[in-house]
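# A look at the structure
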Amino acid sequence: MQFGIGQSVTRVEDQRFITGNGRYLDDMNPEGCLHGVMVRSTIAHGRIAKLDVEAARAADGVVAIYTGQDWQDNRLPPVPIRPSIANADGSPIKVPPRWPLVTDTVRHVGDGIAFIVAESRKAALDAADRVEIDYDELPSVTDSKAALKPGAPQLHADAPDNRVFLWTKGEKDPVEKALAEAAHVAELELVNNRVVINPMEPRGAICMYDAGSDCYTLSGSIQHVFMYRQMLAEQVFDMPMDKLRVVAYDVGGGFGGKNQVQPEHALVLFATRQLKRPVKWVSDRSELFLTDGQGRDQQTRVRLALDKDHRFTGLFVDTVANLGAYVSTNGPVVPTMATSSVVGGAYDIPTAFYRCEAAFTNTVPTDAYRGAGRPEACYLLERVLEQAASDLGIDAVELRRRNLIKPEKLPYQAALGHVIDSGGFEELMDRAIDRSDRAGFAARRAASEKKGLIRGYGLAYYLEATLGVPTEYARLDFDEDGFVTVSVGTQSNGQSHETTFAQIVRQRLGISFEKVRFRQSDTANTPIGHGHGGSRSLQVAGSAILGASAKVIERAKALAGDLLETSAADIEFDAGTFRVVGTDRKVDWPAIIDAAFSTDRPEAERGLTGNEEYTRAGNAYPNGCHIAEVEIDPATGVVAVAKYTAVDDFGLIVNPMVVRGQVMGGIIQGLGQAVLEHTVYDPDNAQLVSGSFMDYCMPRADDLPETSIDFYEEAPTETSPMGVKGCGEAGTIAGPPAIVAAVCDALGVAHVDMPLTPEKVWHLAAKGQSIPVFD
């Protein structure tokens, strides 16, 4: 069906984006709008000895200045987090207060001290320069392992030894037994480097007050409107949720960084409640580096047990996670539940144990970043697998082949409890190897050598899980003009929902693709909604759309029965046509819609709608094989990814073009982490050294290699009606281990930590020996 499922339909949302007709936060300038600016700490750790805002308060255009004392005087609580984990012994984890504005001690560069509200952004910025702050500076710590050592600088009085939690999953004794009895144990210590989340549009929020209804509307560059409403209304301001509407229009990228309730969101709502005027705060790129939740930052020791036949028998993972200065919205979940959800990957490993300890440091808090735990799990497993192959002197591809889950073992219950229902892992890997032309690699390596370059080939097999809340809502509303509006509780920040969801409606109802309208991310529009994250949207919202479509069809059959003077039970539906079974008597959508809105019907019965609240049967497990080829210049240490091949199992593909775009975006972000991006703090004073694009290297268009992306659709999941698995995070999961494996192959070493900077690689290429850790 044209414009239906399986078609590479051009994104409909792009028309307004490329013509400047998007509706982003900074396009919103209601009458009387005030502008907020944060005054932030310039040191990483210290007590505030003096805070004087009087000169700033007297500056032109300033309407109000709020400090931490104002928050305390209003008896408001600290910024909340989402429901979280418990310690291994069942006790609560440490969650010290995170006040929107600190009152006594700052704990990272960028901590908020004052919020200035003025008639213009310029006036607020000018006033910020007049705020006087003196500090009594305290010692700082940036490394998570160092923070847990005795004598380390303490960030919070109620978190002794800077320990946030100690969390475990799995049975330890069987793994210890497997390690003790193993023919070989591969062991590796590795770092999953910290990255700064850099969407095109920085964070921001605007709040407006309606005196007539005594209600507030919060909008902005955010990801999960219902979460924001619940946390701010109920947990911070103790106000009825129906008094706060949260809506997001167009949002310029998220990647997890906008799925967090941050101090500025609470402050914008607070200021609006105080002043009864619209208040807007928009971050700039420098603030983004200093305040937005950052990603990854795990240090891991991993051990893999193998028997005499080179089969995996046990996996022990011991991770120390850096949560930064405070516990962020999803911070505790990422290195624990999210990471452990796919520990073991697509391999048959009978025993596994996962241990994670988390520390406070004087750095920006960490939270979810594209993949959120799944990239960390894949990276540690693929790297220790490569270490095992190196130790044993065998081909890493053959080691994978020996240990991938066999089709006859599906559904497969992994050692940590999750159930993988479908997949063709070995067949998919062979397809990727064939697509990558592994047989021709030797010739390509020889050609690179003639140019004075070193070439390497690296493979990674990943498995991820579609996480997030398992329930979602969708509603279809027909209008008299024949258009249908799809309303969903999920949210697109660039994932093409406006196009792909319309394709589902087109396929199921047979109406014109151009007649599908789209509404999302508005607490006033749907009763529930859980945003996006964990590659969940198509699995749950797509299934809800199917359910809503089925209800529309059943109601339309009753109308068709009236029009054709027969029972609804005698009506069959196909491709937009309602027909009396076994006859040529039929009606189509225009007639159905006319009947639905007929003035002959009671007003309460007019219209045609269907809604569905869908809960998935279980997590789906997208998986795939990514293969990278790199060229290294030994004279400079510069790494170029020359060729990249991906074959992914996402179940049914709704729009191949969109999915390829999602995978490609993930690949370039994975390449960024593996080769270019690195968040560097000065170990002496915890100042962010890589605080701008002058010092923090983002991937650019010319870093994108020759890329081949194909799909494996032979193993759809039974966890959703369409058999879809989710595609949003594949490249960030598989990219880093594939690229690192290729560099290690080129250099002839077993492992090197990310990022693969020229300095690191030059040392290894030139001297063939290990180098000190690059901080």
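Residues numbered from 1 in each chain as written. Predicted model: local features only at pLDDT ≥ 70, side-chain atom pairs only at ≥ 80, totals over all residues. Heavy atoms only, no water.

### Describing the environment of Glu386
Mapped onto the elements of the fold, Glu386 is located in helix 11 (residues 374-392). A relative accessible area of 17% means that Glu386 is categorised as buried. Filtering out sequence-adjacent residues up to four positions away, Glu386 remains in contact with Ala396, Arg400, Leu459 and Ala741. (Helix = DSSP H or I, 4+ residues; strand = E, 2+ residues; numbered from the N terminus. Buried < 20%, exposed > 50% of the residue type's maximum accessible area, 1.4 Å probe, protein only. Contact = heavy atoms within 4.5 Å.)

### Observations concerning the packing of aromatic side chains
On inspection of all chains with the given rule, the structure shows 19 aromatic pairs. Ring geometry for Phe316 and Phe353: centres 5.3 Å apart, planes at 55°, overall tilted. A residue pair is termed long-range when its members are at least 10 positions apart, and Phe316 in strand 14 (residues 312-324) and Phe353 in strand 15 (residues 352-360) qualify at 37 residues. Here Phe425 and Tyr461 contribute two aromatic rings whose centre-to-centre distance is 6.1 Å and whose plane-to-plane angle is 85°, an arrangement assigned as edge-to-face. Taken together, the residues span a long stretch of sequence, with Phe425 in helix 13 (residues 425-435) and Tyr461 in strand 18 (residues 454-463) at a distance of 36 residues. Accessibility assignment for this pair places Phe425 and Tyr461 in one class, buried. Aromatic rings pair up to connect Tyr66, Trp71, Phe237 and Phe270 into one cluster. Of note, Arg23 hangs over the ring of Tyr249, and the distance from its end group to the ring centre comes to 3.8 Å. Positioned over the ring face of Tyr209 is Lys276, at 5.2 Å from the centre of the ring. (Phe/Tyr/Trp six-rings, centres within 6.5 Å; stacked < 30°, edge-to-face > 60°. Lys NZ or Arg CZ within 6 Å of the ring centre and 35° of its normal.)

### Digging into the pattern of salt bridges
Using the criterion set out here, one finds 50 salt bridges in the structure. Put simply, Arg355 and Glu357 hold a salt bridge, and the shortest N to O gap is 3.7 Å. Through salt bridges with shared partners, one network takes in Asp437, Arg444, Lys451, Arg455, Glu629 and Glu631. (Salt bridge = Lys/Arg side-chain N within 4 Å of Asp/Glu carboxyl O.)

### What about empty space enclosed by the protein?
Considering all chains together, one arrives at five cavities of 30 Å³ or more under this definition. The calculated volume of the largest cavity comes to roughly 100 Å³. If you go around the largest cavity, you meet 15 residues; those closest to its centre are Arg40, Arg98, Gly110, Gly112 and Pro263. Sorting the residues of the lining of the largest cavity by element identifies strand 1 (34-40) and helix 8 (263-275) as the ones contributing at least two each. Considered class by class, the residues forming the lining of the largest cavity number five nonpolar, five polar and five charged. (1 Å grid on protein atoms, 1.4 Å probe; cavity = no way out; pocket = protein on both sides within 12 Å on 5 of 7 lines; lining within 4 Å. Points joined across faces, edges and corners; volume = space filled by probe spheres on them. Nonpolar A, V, L, I, M, F, W, Y, C, P; charged D, E, K, R; others polar.)

### Considering the state of the cysteines
What the rule picks out here adds up to zero disulfides. Unpaired in terms of disulfides, Cys727 finds its nearest cysteine sulfur in Cys378, a separation of 17 Å. (Disulfide = S-S within 2.5 Å.)

### Quick look at the pairing of strand 23 (residues 577-580)
Only one face of strand 23 is covered, namely the face carrying Phe578 and Val580; the face carrying Thr577 and Arg579 is uncovered. Relative to strand 23, strand 22 (residues 571-574) runs antiparallel, the two sharing four bridges. If you follow Ile571 over to strand 23, its bridge partner there is Val580. Here strand 22 folds back onto strand 23 in antiparallel fashion, the turn holding two residues, of which Ala575 has a positive phi close to 50°. Where strand 23 and strand 24 (residues 586-588) come together, three bridges link them in antiparallel fashion. Directly across from Thr577, in strand 24, lies its bridge partner Asp588. Here strand 23 folds back onto strand 24, and the loop between the two strands holds five residues, one of which, Gly582, carries a positive phi near 80°. (Pairing = 2+ DSSP bridges.)

### Digging into the sheet that holds strand 11 (residues 244-247)
Here we have seven strands laid out as an open sheet, ordered 3-5-1-12-9-10-11, and mixed in their pairing. Looking along the sheet, the strands with just one partner apiece sit at the ends: strand 3 (62-67) and strand 11. Each strand axis lies, on average, 20° off the axis of its neighbour in the sheet, ignoring direction. Those strands touched by helix 7 (residues 225-236) are strand 10 (215-220) and strand 11, and its axis lies near 150° from that of strand 11. (Axes fitted to C-alpha atoms, helices over the stretch in contact; angles between N-to-C directions.)

### Notes on helix 19 (residues 730-747)
Look at helix 19: 26 Å from first C-alpha to last across 18 residues, which is about the 26 Å you get at 1.5 Å a residue. Residue Gly748 follows helix 19 closely and has a positive phi angle near 75°. (Expected span 1.5 Å × (residues − 1).)

### Brief notes about the side chain of Glu612
Residue position: Glu612 is located in strand 25 (residues 609-615). Exposure remark for Glu612: the relative accessible area of 18% places this residue in the buried category. One polar contact links Glu612 to Lys551, side chain to side chain, over a distance of 3.0 Å. Sequence-distant contacts of Glu612, defined by excluding residues within four places in its chain, comprise Glu472, Tyr473, Ala474, Ala544, Gly547, Ala548 and Lys551. (Polar contact = N/O pair within 3.5 Å; in protein donor to acceptor, adjacent residues only side chain to side chain.)

### Topic: the packing of helix 12 (residues 396-403) against helix 13
Helix 13 packs onto helix 12 with a crossing angle of 155° between their chain directions and a minimal axis gap of 10 Å. As summarised for this structure, helix 12 and helix 13 are arranged roughly antiparallel, according to the angle between their axes. Of the residues in helix 13, those touching helix 12 at Val397, Arg400 and Arg401 are Glu426, Met429, Asp430 and Ile433. The residue makeup of the contact of helix 12 with helix 13, split by class, is three nonpolar, no polar and four charged. (Parallel < 35°, antiparallel > 145°, perpendicular 65-115°, else oblique.)

### A closer look at the confidence of the model for the protein chain
Low pLDDT marks stretches whose predicted atomic positions should not be read closely. In this model, the protein chain carries an average pLDDT of 96, and 99% of its residues clear a pLDDT of 70 or more. Note that residues 769-775 has pLDDT below 50 and, in this model, twelve contacts with residues that lie over four places away or in other chains. (pLDDT = per-residue confidence, 0-100.)

### Let's talk about the side chain of Thr526
Tracing the backbone shows Thr526 in the loop between strand 21 (516-519) and helix 16 (537-564). On the basis of relative accessibility, which here comes to 4%, the residue Thr526 falls in the buried class. A distance of 2.9 Å separates the side chain of Thr526 from the backbone oxygen of Ile528, its partner in a polar contact. With sequence-adjacent residues up to four places away left out, Thr526 is seen in contact with Phe226, Tyr473, Arg475, Ser487, Val488 and Gly489.

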